[in-house]
Every structure is written in structure tokens, then in C-alpha cells.
Amino acid sequence: MLDAAFLVRRQAPGLVLSGFCYAGGLAFGLAVSAALLVQAGVPADALVDEFLIATFLTSDGLAQTVTAALPLVLVGLASAVAMRVRFWNIGVEGQLWLGAVAATWLGIAGGGPDGLRLPSMLLLSAAMGAAWIAVPLVLKLRFGVSEVISTLLLGSVAFLLVQHLLFGAWRDPATGFPVTAAFAQAARFGALGWGQLHAGLYAVLVVAALVWFALEHTRIGFYADAVGLNARAARANGLPVTGTIVGLVLLSGALSGLAGMTIVAGTEHRLNQSVGSGYLFSAIVIAYLARARPLWVVVVAVMLGAVFTAGSVLKVFYGISEGMIVLVQGTVLISILMAQFFSTYSLSRPG
Amino acid sequence: MMRPAGAPGGREATSPGVPLALDLSGVGKSFDGRPALSDASFALAWGEVHAIVGENGAGKSTLMNVAAGVYAADEGVQTIDGEPISPRSPMEATAAGLGMVHQHFRLVDSFTVAENVLLSLGRRGAVRTVAQASAAIAAKAKEIGLPVDPARIVADLSTAERQRAEIVRVLLLGARILVLDEPTAVLTEEEAKALLSFVRRLAGQGHAVVLITHKFREVAGFCDRVTIMRHGRTVLAGAAVAELDEGEVARLMVGETLTTGGRPASTPGDVRLSVSDLTLSAGPHAQGLASIGFDLRAGEVLGIAGVGGNGQEELVSCLISLSRPQQGTMLLAGRDVSAASPRERRRAGLRVIPSDRFDSGLIREFAIAGNLALSTVSEGAFGGPLFLDRARMRKAAATAIDAFDIRGATPARQTGLLSGGNAQKVLLARELDTGMTVLVAHSPSRGLDMKATQFVRSAIRRAVEGGAACLLISEDLQEVLSLSHRVAVMNRGAIAGCRGIDEVTPEWIGALLAGHA
Ligand SMILES: Nc1ncnc2c1ncn2[C@@H]1O[C@H](COP(=O)(O)OP(=O)(O)OP(=O)(O)O)[C@@H](O)[C@H]1O
Ligand SMILES: [Mg+2]
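Residues numbered from 1 in each chain as written. Chains lettered and ligands numbered in written order. Predicted model: local features only at pLDDT ≥ 70, side-chain atom pairs only at ≥ 80, totals over all residues. Heavy atoms only, no water.

### A closer look at the packing of aromatic side chains
We apply this condition: Two rings from Phe, Tyr or Trp (for Trp, the six-membered ring) form a pair when their centres sit within 6.5 Å of each other. Planes less than 30 degrees apart are called stacked, planes more than 60 degrees apart edge-to-face, and all others tilted. A positively charged side chain is recorded as over a ring if its NZ (Lys) or CZ (Arg) lies within 6 Å of the ring centre. The angle to the ring normal must also be within 35 degrees.
Applying the stated rule across the entire model yields 6 aromatic pairs over all chains. In textbook terms, an aromatic cluster arises when at least three aromatic residues are bridged by ring pairs, as seen for A:Trp212, A:Phe213 and B:Phe387. In this structure, B:Arg364 is placed above the aromatic ring of B:Phe358, and the distance from its NZ or CZ to the ring centre is 4.3 Å.

Here's what the structure looks like:
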């Protein structure tokens, strides 16, 4: 008797239940996507091959998935840490571009001892990402400017800066294309000998572990939640409200900057006009699905990496259009998001 | 979910033959396996004002939420005007004739009153435009004698005006049974009187009114019958108010007789808090403060009486440094803290019980353990800067829950789910810690039942007898008079006068409250 049922918000959804809900959402999304793809002309048996076997069960596919997940983990964390203090960082891409620019500057300039090249690229890209978000942060804290608007617009400014460089000073002298020259060997993350996977993996793992520890096991996470949920009460109780916001928002920018660095130093080895596109939406989706919990960010980022990998395989081998790929990815994500509803509410029926 | 009753009105009605306005019986409801109601019942006749009283967490709000379709009961039967019903939503209950005005209002702040009414009327009935809604509101307001301006934006309304808008909205939706959940807790004395006389008029016109309250005076003065709840059960069903006395009600509510302790038996010592010339300019929704000054001594309670909205909120906000006054100095134990942050003032021993617990006191969504630790985590109480010992935090919370007898609490439970009195105990448990030297308590027993009120007052008494100083700001004159050594009266952002308790007379207070002295 469904018409006599109530929606009741669950107090604390259990782990098993949430797991089932998400798995169900994923399965549903995949099924719908499969139907769409078959409709678009992909043979049904090839779907299993490409979607499941190629992305998860072959060594190449897995390597590509993990490689794709590296920047996704970083932008997901970037979005998540800002979300914890209710700062809506819609400028993840802008900070990522700035990080990529900083890394490229060191990457193509040469000079300095080779051993210090990658570490200095890491530091500078993080610093530039943080600097780029510092502008909206100051505007918000001093003048109450909405960060939704300012971070978003600064993202476009960052992209224009990249274009300015690529069509100007940094244009590849060899080809004349609007891409930079390739990085020196010392400015690239070394290959790990497994697909395209590179040593940036270690950097991402260390960073993710640090963020996880900071948010889950130090005061920082406690402050962040208090500030995010009720800043007035946090302030009245003597918590460092402004300090917490500043710290986590700068961290958010720094993580985005690092993501830019891992892309140019890890896979592209040069700066071009497309390294940063699409990461904003991925970042928000990952952080939202993971409910801003660092450990879950890593899990969701890997899943999303797999979806991207499968998409590019389908595109290359079956001539599926880009629009179709985006549709499929959107279908999967929205099903998972809807699954969250079922883990949050229960149906209560006559006893 | 409630099963419709097989036969309407199984129990005796007040006048035979006429169906009851509302009849609930055998209602059970659990939240996460904890029973909030078990076998609760309630019978309401047309034309009466029926009080529901009971201690915090007794299940009063829950029972009425079930009747109003907000929650689904696990078991029980319900009839409205003799018709079996199991409302699945507030809309359905209102359509059947029962409307509830909640403790926290449910209007859209950025809409006008008329737009709000239109929003809840939806596409039913004849009212389809804002103009029609305005006309309907004006007509209804006139009919029942309740002033409501349909064109005003809700955000600009005072609490009392919002409440009136809610009432008119619910009545316009077709409610003939009006349920008011602690309506007077947020009103000044004058406003409360006006509301209660309105409620009487409404009953006189044949409506039925349920009044959830903690104030015996309201029961005695304005209600026909009273139902008392305790631990999720109805312990006294619909007794005529005329035949009851306060002591008996209190005993039935809490199961024991209460002692009314007097003011703290301590003599004032050194000055602990000294405020002078505190001046704050008025904001769009805020009263300004005009050169407020007072000294508060150890072992002393300074009561500040006054009608709400005369600068009490702003004073507290300045004292805890959430607002910056334009002028004035503040000394804590002789040290100038005029420019100090909330944190520094806390370190200097200042503790606060704000009037709205979930505004600057507690975080609704936090676990109880988190709220109990809110001010001490940053002082290193649960591990150094690098590590936060959540296990230790939970253990400390369990101890505090025991010590303060916080009902319905576990360290991991969300604070917002506690009943009002128990949430207040969480606040007390945190604020009355060992470092406290000055306590600012603003309406500390607002919305609390008699027992919880006694608890709060004796906690303040003990703290003051132990050498603390207390600034007691309250709109409840009785509370101020029974606890304070000195009484000041606040009016329009200024202290209108201050006297020792022995020299306080009702005439003096009355004159200052009214603003001429
Ligand atoms: N939505 C909810 N989820 C979980 N528990 C709840 C919920 N609402 C109420 N409770 C619990 O049910 C019990 C009864 O609460 P209720 O709000 O009905 O008390 P009350 O009599 O209205 O008290 P008060 O006088 O403080 O308003 C309390 O223990 C409360 O913690
Ligand atoms: Mg209640």
C-alpha cells in the first residue's frame, strides 16, 4: 500500500545500507547507459568488453583509470575541503590552470638542479592555486562578495591568461601550434612502467593521506564542521572561525593547483588549451557524492576515472560521438546521486 | 502510520451525540527504536481550549505532530469530527480541519504574507491571485479580530506578527481545530495576553483549540480542560481546569513535588564584570544600546528585567563579543577586555547561556559530544593540536550526560533531536564548567518545563553560591525577582533603573517597563 507510506529521514544510514543504495544506483545507471549505447550502434557484447573488462579487468584499462583518477582525486579533495566550511569553490578550474601555468613555467625554463625541479614545481603550483583563490577569499571576508560568482569568473580569467601565454610568449617555436614546448625530462613525473601511470601517483597518495588525517583526526576537521554548520556558535565558543575558513579555502586552491601540475608534468608534458577543461564539474560531483569525506573522495574519483576511460575507449573504437559519451556519463552520475536519496530516507508504512 | 478507527469516537464525548473535534487513542511512535509516545490518547471537544502540559520530552509536540500529519504514528487511531482519518501530510490534516502552528514557524521569509498564503493554498479553491489572497486574509483577520497585514514581507515581521500570520494562514486553509505549540514562549507578556484572549474568542465561535504550554498561569486563566503527558503517555486526560490546583498539576507532570529554592545565599564580593558606557547603534532589525553600564560582583545575581526586544539580545551579543559596540569598556576581573575576542573572554571566565540555544550556543546538527566539547577542543582538552581524541570526547560526553541527567541523549546522537529542556542541559553542562567566573544567562528557562526550570535555577544558584557572578537577563519577571540580589530594568536599549531587591516594588518596575520614570 504505497499510497499510505511516509518518507522518513533516516537518522544515521548504516554502512551496508548506503553501500547497497550506491551499488544499486550504479547498476541502474550502467543499465540505462548500456541501452543508450546499444541504441547508438554499439554491439551489446562489446559493451561488456569495453565497459567492464577493458576498464577494470585489463591491466591497460586499469592503469589508464588510475592515471585519469590522479587529478580527479586532487580536484575532488579541493572541492571537498572548501565545502566543509561552506565555501563554494566554483573556480577549481581556474586554480588548476594557474597551477599548470606555474608548473609549465618551471618545466620549460630549465635551470637549477634537476633533482629540485619536480619538488619546486609541486610547491609553486600549489602556491599559485592558493594565490588564485585568495582573491575571492579576501573579497568574501572583507566585502561579503559571493564566492560563487567571483571564483567562477576568475576561472575564466585564468583560462584567458593561459590563452594569452599559448598564443604569445609560450607558443611552440617548432610547430607554431598554441601549445608550449615539451618539458625537460627532469620536469616530468617518471613512468612507473604500467600504462601511462607516473610517479605523480606517490604525490597524490601522500597528499590525500595528509588531507584525510587532517580532516578526520585533528582539530581541523572538528573546527571545519562547526564553522560550516553554525559559524555564529563556533565564534561564540571561541573557535578560530576566520582562521579555519582561510586555511581550508587556501588548501582547496592549493589542491587544485597541484592537480594542474600533475596533469602537465604527468601525462601531457606540456601546457595546451585543454588540460584543465571539465574538472570543475567532476570536482563538484566527486565531493558531493563523497559527502566531502576524503577517503570517499578517493574511491569516487577512481570510479569516475573508470567512467572516463570507458568513454574514451568507446569513442575511439566505435565512433560514438562526444555528446553520447557525456550523456552516458551524466546518466551514471545522476543515478548514483539519486541513490543517495534512498540511503537518506526510508519509507514508513502502516505497522 | 495510523490506522483509521473502525468506529468513530469510542470514548465518551463531553456532550453526548456531538462528535469530538479530535480523538486520538492508543498512539505509539518511536524514533530510531526509542519510544516517544506509547499508548497516548487525547480527546478534544468543539468549543473548548484544551491545554496539553508535561515535562520536556514528554511527547506533547510529537503527539500533535502525529495528529497534524507531520509524523506517521506506529500505531493508534484518530478521528477528526467523528470521521476516521490517517493524515499523510499536514495538507491532508488541514483539509480535514486540523491546522498546527509550530514552535518554529513555517513561512517563506522572502515572501509577503499574502504570497505565503497563496503558496499553501496551491491551486485549490477560488483564491488564485495575490490580490485575492490579500482580500481573503483581510476578511479573515477582521472576522476573527487578529491584526495581520497581507502586504508585508515575512522577514520584516516581528515574532508576534509572524505567529498571527501563521494562524490566519492555517485558518484560511480550512482549519477549525487550531493546535498551537508553545505559542507564548516567544511572546512578550502583553502579546501573550492578546493571543490567549484571541484563542478564547475563537473557541467561543465554535472552533477547538489545543494549547501546548509550560505555564500554569495560562492553563488556569485561559483553558477549559487540561491533559497532562509524561514519558510519552497521557497521565491525566481532559480534567476540568477549575478543579485542579498548581501543586497537583506539577506532581502529575513530573511525578514528585518540587521545591522552590530562593535566591543564592551568598554575599557579594569583588567586582567581576564591569561594563560602562556600552553604546551600539541601531540596525535595521536591531535595537541599539544607549550607554549601558553596571558592575557585577562575585556571589551576586544582577537581574535585568524588561520586555523582550528592548536590547537584551544586543547586550548579550556585545558581552560575548559577537557584536562590536561603537563605544564602551568592559572589564572582566579587573582586566580590560573591551577589544578581546570571544575566545579571550571565555578564557577570562565568561560563560553564556543565550536565549536561542541553537543560534549561538549549540550546533543543531552536531553530535551531543561535539557540542559538549565545542569550547574546549581549541583549549587542548582532547589532545594536542595534531590529534583529536574523539574517543575521549565521547567518554567525557557520557559522563556529562549522566551528571546532568540529559534524557534521550547518547554522545553520538544529534543534538537537534533532543527536547528543549534536554538541549538546555547540554548547554548548561558545557557552560557551568570549572573555569566559569561570570555567567550571562539570557532567558535560561525559556520553553522549559517546571522541573527543568528548577534544574536550571538551582544550577545557577549553586554556581553563584560557589563564587560566580551572574547576569540574569529575562523577560520572565518572576524569574528575575526570585533569583536576583539587584534588579535593573531595560527599556529601549538603556538601563532605566537599578535597585537592590529589597527596594523593588511592582510600581517601580511597572513604571520603568512602561518607559516613564
Ligand atoms: N524527529 C525526531 N527524531 C528523533 N527523536 C525525536 C524527534 N522528535 C522528537 N523526538 C524525541 O521524542 C521525545 C518527545 O519529544 P517532543 O518534542 O514531543 O517533546 P515535548 O513534550 O514537545 O517537549 P518540549 O516541552 O521540550 O517541547 C523526545 O525524547 C525527543 O528527543
Ligand atoms: Mg515541544
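After that view, the rundown keeps rolling.
### Observations concerning the sheet that holds strand E9 (residues 225–230) of chain B
Residues and elements named next belong to chain B. The line we're drawing: Note: two strands are recorded as paired if DSSP finds a minimum of 2 bridges between them. Numbered from the N terminus, helices here are DSSP runs of H or I no shorter than four residues, and strands are runs of E no shorter than two. With axes taken as lines fitted to C-alpha atoms, and helix axes fitted only over the stretch in contact, angles between N-to-C directions fall between 0 and 180 degrees.
Judged by pairing direction, the sheet is mixed, and its 6 strands sit side by side in the order E6-E7-E8-E3-E9-E10 without closing on themselves. Two strands bound the open sheet, and with one partner strand each, they are strand E6 (98–101) and strand E10 (233–240). Averaged over all pairs of adjacent strands, the angle between strand axes in this sheet comes to 15°, irrespective of strand direction. Two strands pair when backbone bridges link them, and strand E7 (residues 177–181) and strand E8 (residues 208–212) are joined in this way by 5 bridges, in the parallel orientation. Among the inter-strand pairings, Leu180 is bridged to a residue of E8, identified as Leu211.

### A few points about the domain arrangement of chain B
Residue and element names in this part refer to chain B. The line we're drawing: Each domain's extent is set by a domain assignment, obtained either automatically or from a database. Whether two residues are in contact is decided by their heavy atoms: any pair within 4.5 Å suffices. As used here, buried area is the combined drop in accessible area, with a 1.4 Å probe, of two parts when they are placed together. For this document, the term salt bridge refers to a Lys or Arg side-chain nitrogen within 4 Å of an Asp or Glu carboxyl oxygen. Polar contacts here mean pairs of N or O atoms no more than 3.5 Å apart (in protein, one a potential hydrogen donor and the other a potential acceptor; neighbouring residues in sequence count only if both atoms are side-chain atoms). Just so you know the grouping, Ala, Val, Leu, Ile, Met, Phe, Trp, Tyr, Cys and Pro go in nonpolar, Asp, Glu, Lys and Arg go in charged, and all remaining residues, Gly too, go in polar.
One can read the domain layout of chain B as domain 1 (22–97 + 174–254), domain 2 (108–173) and domain 3 (271–514). Once you take the C-alpha centre of each, domain 1 and domain 2 turn out to be 24 Å apart. On the domain 2 side, the residues contacting the 16 residues of domain 1 number 13 residues. Taken over both partners, the interface formed by domain 1 and domain 2 buries close to 1,200 Å², and the fraction arising from carbon and sulfur atoms is 64%. Here domain 1 is connected to domain 2 by 0 salt bridges. Linking domain 1 with domain 2 are 6 residue pairs in polar contact (both at pLDDT 80 or more). Considering each element in turn, the side of domain 1 that touches domain 2 owes the most residues, 5 residues, to helix H6 (residues 189–204). Each residue belonging to the side of domain 1 that touches domain 2 can be placed in one class, and the counts come to 10 nonpolar, 4 polar and 2 charged.

### Digging into the domain arrangement of chain A
Residue and element names in this part refer to chain A. Taken domain by domain, chain A holds domain 1 (10–41 + 322–351) and domain 2 (52–319). Taken over C-alpha atoms, the centre of domain 1 sits 27 Å from the centre of domain 2. If you look at the interface, domain 1 gives 12 residues, while domain 2 gives 11 residues. Overall, the association of domain 1 and domain 2 removes approximately 1,100 Å² of surface from exposure, summing both partners, and the carbon and sulfur fraction of that is 73%. At the junction of domain 1 and domain 2, the tally comes to 0 salt bridges. Run the count over domain 1 and domain 2 and you get 0 residue pairs in polar contact (both at pLDDT 80 or more). Elements with a minimum of two residues in the side of domain 1 that touches domain 2: helix H1 (15–39) and helix H13 (322–344).

### Section: the pattern of salt bridges
Residues and elements named next belong to chain B. Defined as follows: Remark: exposure states derive from per-residue accessible area (1.4 Å probe, protein chains only) relative to the maximum for the residue type, with buried under 20%, exposed over 50%, and partly exposed in between.
Counted according to the given criterion, the structure contains 23 salt bridges over all chains. Between Arg347 and Glu379 there is a salt bridge, and its shortest N-O distance comes to 3.1 Å. Of this pair, Arg347 sits in helix H10 (residues 342–347) while Glu379 sits in the loop between helix H12 (368–372) and helix H13 (390–403), and the two are 32 residues apart along the sequence. Residue Glu379 is classed as partly exposed on the basis of its relative accessible area of 41%. A salt bridge links Arg430 to Glu431; its shortest N-O distance comes to 2.9 Å. Under the relative-accessibility criterion, Arg430 is labelled buried at 4%. One salt-bridge network, held together by shared partners, links Arg343, Arg347 and Glu379.

### Side note on the site of ligand 1
The following threshold applies: Any residue with a heavy atom lying within 4 Å of a molecule or strand is counted as near it.
Lining the immediate environment of ligand 1, one finds 20 residues, of which B:Asn56, B:Gly57, B:Ser61, B:Thr62 and B:Leu417 sit closest. More than one chain reaches ligand 1: its neighbouring residues belong to chains A and B. Backbone polar atom of B:Gly59 to an oxygen atom of ligand 1: 2.9 Å apart, as the coordinates give it. Between ligand 1 and B:Arg413 there is a distance of 3.4 Å, counted from a nitrogen atom to a side-chain nitrogen or oxygen. Among the elements that take part in the shell around ligand 1, helix H1 (residues 60–67) of chain B stands out by supplying 3 residues, more than any other. A class-by-class count of the residues in the shell around ligand 1 yields 6 nonpolar, 10 polar and 4 charged. When residues of the shell around ligand 1 are assigned to domains, at least three map to each of domain 1 (22–97 + 174–254) and domain 3 (271–514) of chain B.

### Considerations on the sheet that holds strand E16 (residues 350–353) of chain B
Residues and elements named next belong to chain B. Read across the sheet, 6 strands follow the order E16-E17-E18-E13-E19-E20 without closing on themselves; strand pairing throughout is mixed. The sheet is open, and its two edges are formed by E16 and strand E20 (494–500), each paired on a single side. The mean angle between the axes of side-by-side strands here comes to 15°, regardless of whether they run parallel or antiparallel. Summarising the sheet, strand E13 (residues 301–305) and strand E18 (residues 469–473) pair through 4 bridges and their orientation is parallel. Residue pairing in the sheet places Val301 in a bridge with Cys470 of E18.

### A word on the environment of B:Leu439
All names here are of chain B. Locating Leu439 in the fold gives a position in strand E17 (residues 438–442). With 19 residues separating them along the chain, Leu439 and Ser458 place their C-alpha atoms 14 Å apart. With residues up to four places along the chain from it excluded, the contact list for Leu439 reads Arg351, Val352, Ile353, Leu432, Ile460, Ala469, Cys470 and Leu471.

### Regarding the side chain of A:Arg117
Residue and element names in this part refer to chain A. Stated formally: All tallies of charge rest on Lys and Arg as positive and Asp and Glu as negative; His and the ends of each chain are not included.
Here Arg117 is to be found in helix H5 (residues 114–143). We note that Arg117 is buried and unpaired, the nearest opposite charge coming from Asp114 at a distance of 4.2 Å. If sequence neighbours within four positions are ignored, Arg117 has contacts with Leu106, Gly107, Gly110, Gly111, Ala184, Ala186 and Ala187.

### Focus: the interface of chain A and chain B
Contacts between chain A and chain B engage 29 residues on the former and 41 residues on the latter. Both sides of the chain A and chain B interface together cover about 2,900 Å² of buried area, and 58% of this is carbon and sulfur. For the interface between chain A and chain B, the tally reads 1 salt bridge. Residue A:Arg232 pairs with B:Asp359 through a salt bridge whose shortest N-O separation is 3.0 Å. The interface formed by chain A and chain B contains 11 residue pairs in polar contact (both at pLDDT 80 or more). Where the side of chain A that touches chain B is concerned, the elements lending two or more residues are helix H7 (200–217), helix H8 (219–229) and helix H9 (231–236) of chain A. When grouped by side-chain class, the residues that make up the side of chain A that touches chain B number 14 nonpolar, 8 polar and 7 charged.

### A few points about the packing of helix H4 (residues 92–109) of chain A against helix H6 (residues 147–166) of chain A
Any two packed helices are characterised by the angle at which their axes cross and by the distance between the axes. Residues and elements named next belong to chain A. For the record, the criterion: Orientation categories follow fixed angle ranges, with anything under 35 degrees roughly parallel, anything over 145 roughly antiparallel, 65 to 115 roughly perpendicular, and all other angles oblique. Helix crossings fall into two classes, left-handed where the near helix is turned counterclockwise from the far one by less than a right angle and right-handed where it is turned clockwise.
Contact geometry of H4 with H6 gives a least axis separation of 7 Å together with a crossing angle of 30°. As judged from the angle between their axes, H4 and H6 are roughly parallel. The hand of the H4/H6 crossing is left-handed. For the pair H4 and H6, contact is made by Gly94, Trp97, Leu98 and Val101 and by Gly155, Ala158, Phe159, Leu161, Val162 and Leu165, respectively.

### Regarding the pairing of strand E11 (residues 271–280) of chain B
Residue and element names in this part refer to chain B. Where E11 meets strand E12 (residues 289–297), 6 bridges bridge the pair, whose relative direction is antiparallel. By the bridge assignment for E12, Leu273 is matched with Leu296. Pairing geometry for E11 and strand E14 (residues 327–332), over 5 bridges, is antiparallel. Residue pairing across strands places Thr279 opposite Gln327, the latter belonging to E14.

### Concerning the packing of helix H3 (residues 59–84) of chain A against H7(A)
All names here are of chain A. In contact at an axis separation of 10 Å, H3 and H7 are set at 25° when each is read in the N-to-C sense. Here H3 is positioned roughly parallel relative to H7, judged by the angle of their axes. By crossing handedness, the relation of H3 to H7 is classed as left-handed. Of H7, the residues touching H3 (which contributes Val66, Leu70, Val73, Leu74, Leu77, Val81 and Arg84) are Gly200, Leu201, Val204, Val207, Ala208, Val211, Leu215 and Glu216. In the contact of H3 with H7, the residues fall into 12 nonpolar, 1 polar and 2 charged.

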